[in-house]
Amino acid sequence: MSVRTDGEKSGEVPVRSGRLPVSAVGRGYGAVRGALRGPRPEAVPALVARACTLVGLVDIAAGVFPRFRNSRMHALAEVLPGALGPFAAALSLSVGVLLLLLAHGLRRRKRRAWRAAVILLPAGAIAQFTYRHSLVGVLVSVALLVPLLRHREEFRALPDPTSRWRALANFVLMGAGSIVLGLLVVSAHPGRMVGDPSLADRLEHVIYGLFGFEGPVGYLGNTSWTVAFSLGALGLLTAITTIYLAFRPEHPAARLTDEDEARLRGLLDRHGGRDSLGHFALRRDKAVVFSPSGKAAVTYRVVSGVMLASGDPIGDVEAWPGAIERFMDEAKAHSWTPAVMGCSETGAEVWTRETGLDALELGDEAVVDVADFSLAGRAMRNVRQMVKRIERLGYETRVRRVRDLGEAELERIRRAAEDWRGTDTERGFSMALGRVGDPADGDCLIATAHRADETPGAYGDLKAVLHFVPWGPDGASLDLMRRDRSADPGMNELLIVAALQAAPRLGVERVSLNFAMFRSALARGEKIGAGPVLRAWRGLLVFLSRWFQIESLYKFNAKFRPRWEPRFVVYAASRDLPRIGLAAMQAEGFVHLALPRVLRLRARAHRPCAHTVAERSMGEQNVRAA
């Protein structure tokens, strides 16, 4: 099988059938180059990060537990960076926490983490020699410093997108961690404590100590100085890291500029018919990299250190390798984990061949060919009866281009779609546009359901909305499904049928519906003769469907007798899959790792929302991108 470009060239891009390759062997020079230049961590950064983590944990243990400081293990702990003179406990805590914070950045080859470690380790070595005259302590610091300096070229990763809200998040998390460590420090000297203070007294002592004041808990001898210095060091460390994050140079997340959007629209005009997800590249909370020729592009968003692309590259297939190489170079420059969600079989083949990445089938996309669609026949009886019943209740449908609607009606539809959203948060990334009725999206389709025989509500007689984006000149791809909760069940079926029936007069020959995750496993697992492993896998998917609507979405799509097009996830290593899965769920809006809602009110004004693709049909929520 091969894929030809738009006809002006005779070159073909081969696409092998069967199982996708899992190594760079046999993929040619481009694959070997991609495998060598990929963002996989090198041995030196990983080893240095592990060493910093170990030293940091030992330092924290030496700073918190007096028995540890007096044990045989402390003979080693005393020569590690941070164990100095009368301030050993406080310095051990401070340096230990700093080294733990730096270890993650060193593992990701971050330049700023490297600079901080290069400053911290010599400072520790000098302090060891000055206060303790310990050559062993100097050697430990040098042993970590030498590989950092020798392999400094490995630590070139640029900072991640940041905002001032990171400072507040650091203050909250570091403050909570300091309180927990402080309680351990206060409670680690039971034999030296005066009386038996309550937990409230100890917590009060910790809070006072973090700000440098004496609390209500008393100790015998010099223990009070040890505890006071330790608490003060934790408070100072929290303040310093928060101030640094608040005043460091900001690296905002990339956004789609007007120029980028215009270039992408030009590529979609010429090549938009290749991929049903192509138009979703125009989400304005994505960034884009173009091939050197400008004939192809990859859009992405960075989530939790994962550089997440969606769908196939945009543009000429022959220019895809150039855009993919730029994408991988950008991932390497920032030490982001590269991943692609929902690409087609052709896209997965090109990605794996050019980069050495692996591909895994994620699910299937339901595509209905308009010419083959009909409500006649036994297979369509349930849909046919549901549509006829709703029509008898007085509902009518309208299917139009966005450009054909007036601004007043568009505004009413926007407000209704926002009000009818099925969740508290917006959802969608790979298969959602994130807006409705934008003037730039005049080719989009809107299908609406109305019931005029009732008293008009807040949005008149409007009862349900479906929004489709263009899929080349002759296709449409479902974006979102919204309905009034008081409307009769079956609104989604009614509007999908109406859109399919109106498609010929609108020049639409194919319609992409929802994406069904693990569809093939569900279909094979319910057949007679399925093996125990496949049945167990299907049972797990059915169980997970209670939260993620996996099975119900598959069954909803199957009502319209579509053809199924496989979609893949492309990833660097199997160990990255959990991280990629979490990042994808964050991008889609199913998982939120953020500040409390009250603290996010201001941030919302500066961060665009991703619109949901969730809606309920027959009492079940149908989500386009699970």
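Residues numbered from 1 in each chain as written. Predicted model: local features only at pLDDT ≥ 70, side-chain atom pairs only at ≥ 80, totals over all residues. Heavy atoms only, no water.

K.L.:
I tried to follow the overall build of the chain on my own but got confused; where do I start?
P.N.:
Of the regular secondary structure elements, the chain holds 21 helices and 16 strands. Looking at the chain residue by residue over its 626 residues, the buried ones come to 54%. Within the chain, contacts between residues at least 6 apart in sequence are counted, and of these 76% link residues at least 24 apart. Working note: accessible area of the chain is about 28900 Å², and carbon and sulfur atoms make up 59% of it. (Helix = DSSP H or I, 4+ residues; strand = E, 2+ residues; numbered from the N terminus. Buried < 20%, exposed > 50% of the residue type's maximum accessible area, 1.4 Å probe, protein only. Contact = heavy atoms within 4.5 Å. Areas by Shrake-Rupley, 256 points an atom, 1.4 Å probe, with all protein chains shown as cover.)

K.L.:
Help me understand the pairing of strand β13 (residues 510-517) in this model?
P.N.:
Every regular strand shows the same layout, with side chains that alternate between the two sheet faces. Counting buried positions over the eight residues of β13 gives eight, a clear majority of the element. Of the strand pairs in this sheet, strand β8 (residues 358-369) and β13 are connected by six bridges, and their pairing is antiparallel. Across the sheet, Glu365 pairs through a bridge with Phe515, a residue of β13. In terms of strand pairing, strand β12 (residues 475-483) meets β13 through three bridges, oriented parallel. Bridged to Gly475 within β13 is Arg510. Handedness of the β12-helix α16 (residues 491-502)-β13 crossover: right-handed. (Pairing = 2+ DSSP bridges. Right-handed = clockwise from strand over helix to strand, strands pointing away.)

K.L.:
I keep staring at a nonpolar patch on the surface and nothing clicks. Help me out?
P.N.:
A cluster of nonpolar side chains, contributed by Leu203, Ile207, Tyr208, Phe211 and Phe213, occupies part of the molecular surface with about 530 Å² of accessible area. Locating Phe213 in the fold gives a position in the loop between α9 (199-210) and α10 (223-247). (Patch = residues over 30% accessible without salt bridge, like charges linked within 9 Å, V, L, I, M, F, W, Y side chains within 5 Å. Salt bridge = Lys/Arg side-chain N within 4 Å of Asp/Glu carboxyl O.)

K.L.:
How should the environment of Ala49 be read in this particular structure?
P.N.:
With respect to the helices and strands, Ala49 occurs in helix α2 (residues 43-64). Sequence spacing of Ala49 and Arg107 is 58 residues, and the spatial spacing of their C-alpha atoms is 5.3 Å. Apart from residues no more than four positions distant in its own chain, Ala49 is found in contact with Ala103, Leu106 and Arg107.

K.L.:
What exactly am I supposed to notice about the packing of helix α14 (residues 381-392) against α16 here?
P.N.:
For any two helices packed against each other, the geometry is given by the interaxial angle and the distance between the axes. Axis separation between α14 and α16 bottoms out at 9 Å; the angle between their running directions is 100 degrees. With respect to α16, the element α14 is oriented roughly perpendicular. Facing α14, whose interface residues are Val383, Met386, Val387, Ile390 and Glu391, α16 presents Met491, Glu493, Leu494 and Val497. Residue classes in the contact of α14 with α16 are distributed as seven nonpolar, no polar and two charged. (Axes fitted to C-alpha atoms, helices over the stretch in contact; angles between N-to-C directions. Parallel < 35°, antiparallel > 145°, perpendicular 65-115°, else oblique. Nonpolar A, V, L, I, M, F, W, Y, C, P; charged D, E, K, R; others polar.)

K.L.:
Could you clarify how one ought to interpret the nonpolar core in this entry?
P.N.:
A general trend in soluble globular proteins is that nonpolar side chains are found buried together. Core analysis: the biggest nonpolar cluster contains 43 residues, and Leu264, Leu308, Met341, Ile413, Ile446, Leu462 and Ile580 have the highest contact counts within it. No other element matches helix α20 (residues 577-588), which puts four residues into this core. If sequence neighbours within four positions are ignored, Leu264 has contacts with Leu256, Ala281, Leu282, Val288, Phe290, Ala297, Thr299 and Ile314. Core analysis: the second largest hydrophobic core is formed by 38 residues, Val368, Ala449, Ala502 and Val508 among them. (Core = buried A, V, L, I, M, F, W, Y, C linked by side-chain atoms within 4.5 Å.)

K.L.:
Can you walk me through the environment of Phe211 in this structure?
P.N.:
With respect to the secondary-structure elements, Phe211 resides in the loop between α9 and α10. C-alpha of Phe211 to C-alpha of Ala239: the two residues are 28 residues apart in sequence and 9.8 Å apart in space.

K.L.:
What is the right way to read the side chain of Asp260 from this model?
P.N.:
Position of Asp260 among the secondary structure elements: in helix α11 (residues 258-271). Here Asp260 is buried and forms no salt bridge, its nearest opposite-charge partner Arg263 lying at an N-O distance of 5.0 Å. At 3.0 Å, the side chain of Asp260 and the side chain of Thr257 are in polar contact. Not counting residues up to four positions away in its chain, the partners in contact with Asp260 are Arg255, Val288 and Phe290. (Lys, Arg positive; Asp, Glu negative; His and termini not counted. Polar contact = N/O pair within 3.5 Å; in protein donor to acceptor, adjacent residues only side chain to side chain.)

K.L.:
It is not clear to me how the packing of aromatic side chains should be interpreted in this structure. Could you clarify?
P.N.:
Any pair of aromatic rings gets described here by the distance separating the centres and the angle formed by the planes. Tallied over the entire structure, the rule returns five aromatic pairs. Ring plane angle 85 degrees and centroid distance 5.8 Å describe the contact between Trp420 and Tyr459, whose orientation is recorded as edge-to-face. With Trp420 in the loop between α15 (407-419) and β10 (445-451) and Tyr459 in the loop between β10 and β11 (462-470), this residue pair connects regions lying 39 residues apart in the sequence. You'll find Trp420 and Tyr459 in the same group, each marked buried. Seen in terms of ring centroids, Phe556 and Phe560 are 5.7 Å apart; in terms of plane orientation they differ by 75 degrees. Their pairing is edge-to-face. The class of Phe560 is buried, set by a relative accessible area of 1%. (Phe/Tyr/Trp six-rings, centres within 6.5 Å; stacked < 30°, edge-to-face > 60°.)

K.L.:
In this structure, what is going on with α11? I would like to understand it.
P.N.:
In an α-helix, one turn spans 3.6 residues, which is why side chains three or four residues apart end up on the same side. The end-to-end C-alpha distance of α11 is 20 Å, a good match for the 20 Å that 14 residues give at a rise of 1.5 Å each. Of all the positions in α11, only Asp260, Glu261, Leu264, Arg265, Gly266, Leu267, Leu268 and His271 are classed as buried. Where the residues of α11 are buried, they touch β3 (287-290), β4 (296-303) and β6 (314-315). (Expected span 1.5 Å × (residues − 1).)

K.L.:
So what exactly am I meant to see when it comes to empty space enclosed by the protein here?
P.N.:
Take a probe with the size of a water molecule and roll it over the atoms, and the empty space left behind shows itself. Under the counting rule described, the total for this entry stands at four cavities of 30 Å³ or more. What the second largest cavity holds in volume is close to 80 Å³. Residue lining of the second largest cavity: 16 residues in total, with Thr299, Ser310, Gly311, Asp312 and Ile314 positioned closest to the centre. Among the elements of the structure, β4 and β5 (306-310) are those that each provide at least two residues to the lining of the second largest cavity. The dominant element in the lining of the second largest cavity, judged by the number of residues it contributes, is β4, at three residues. (1 Å grid on protein atoms, 1.4 Å probe; cavity = no way out; pocket = protein on both sides within 12 Å on 5 of 7 lines; lining within 4 Å. Points joined across faces, edges and corners; volume = space filled by probe spheres on them.)

K.L.:
I keep staring at the pattern of salt bridges and nothing clicks. Help me out?
P.N.:
Charged atoms that come close allow side chains of opposite charge to pair. Evaluated as defined, the whole model comprises 23 salt bridges. Among the salt bridges present, the one from Asp438 reaches Arg284, with a minimum N-O distance of 2.9 Å. Here the residue Asp438 occupies a position in the loop between α15 and β10, and Arg284 occupies one in the loop between α11 and β3, the gap between them amounting to 154 residues. For Asp438, a relative accessible area of 16% puts it in the buried group. Between Asp474 and Arg510 there is a salt bridge whose closest N-O contact spans 3.5 Å. Of this pair, Asp474 sits in the loop between β11 and β12 while Arg510 sits in strand β13, placing them 36 residues apart in sequence.

K.L.:
Looking at this structure, I do not really get the pairing of β11. What am I missing?
P.N.:
For β11, a buried count of nine out of nine residues is recorded, marking the element as mostly surrounded by other parts of the structure. For β10 and β11, the ladder comprises six bridges, and the chain directions are antiparallel. Across the sheet, the residue bridging to Ala449 is Ala464, located in β11.

K.L.:
What is the right way to look at the confidence of the model for the chain in this model?
P.N.:
Any region with low pLDDT has predicted coordinates that should not be read closely. Residue-level pLDDT values for the chain average 76, and 74% of them are 70 or greater. Within the chain, the lowest mean pLDDT, 34, falls on strand β15 (residues 614-617), and the highest, 94, falls on β6. Considering only residues more than four positions removed or in separate chains, one finds that residues 1-41, a stretch of pLDDT under 50, has 88 contacts. Contacts from residues 69-86, a stretch scored under 50 in pLDDT, to residues over four places away or in other chains number 47 contacts. (pLDDT = per-residue confidence, 0-100.)

K.L.:
I keep staring at helix α12 (residues 320-334) and nothing clicks. Help me out?
P.N.:
Here α12 is 15 residues long and its end C-alpha atoms lie 22 Å apart, about the 21 Å a rise of 1.5 Å per residue gives. When we look at burial in α12, the residues that qualify are Trp320, Gly322, Ala323, Ile324, Phe327, Met328, Ala331 and His334. For α12, the elements touching its buried residues are β3, β4, β5, β6, β7 (337-343) and α13 (345-355). The positive-phi residue at the C-terminal boundary of α12 is Ser335, with phi of around 60 degrees.

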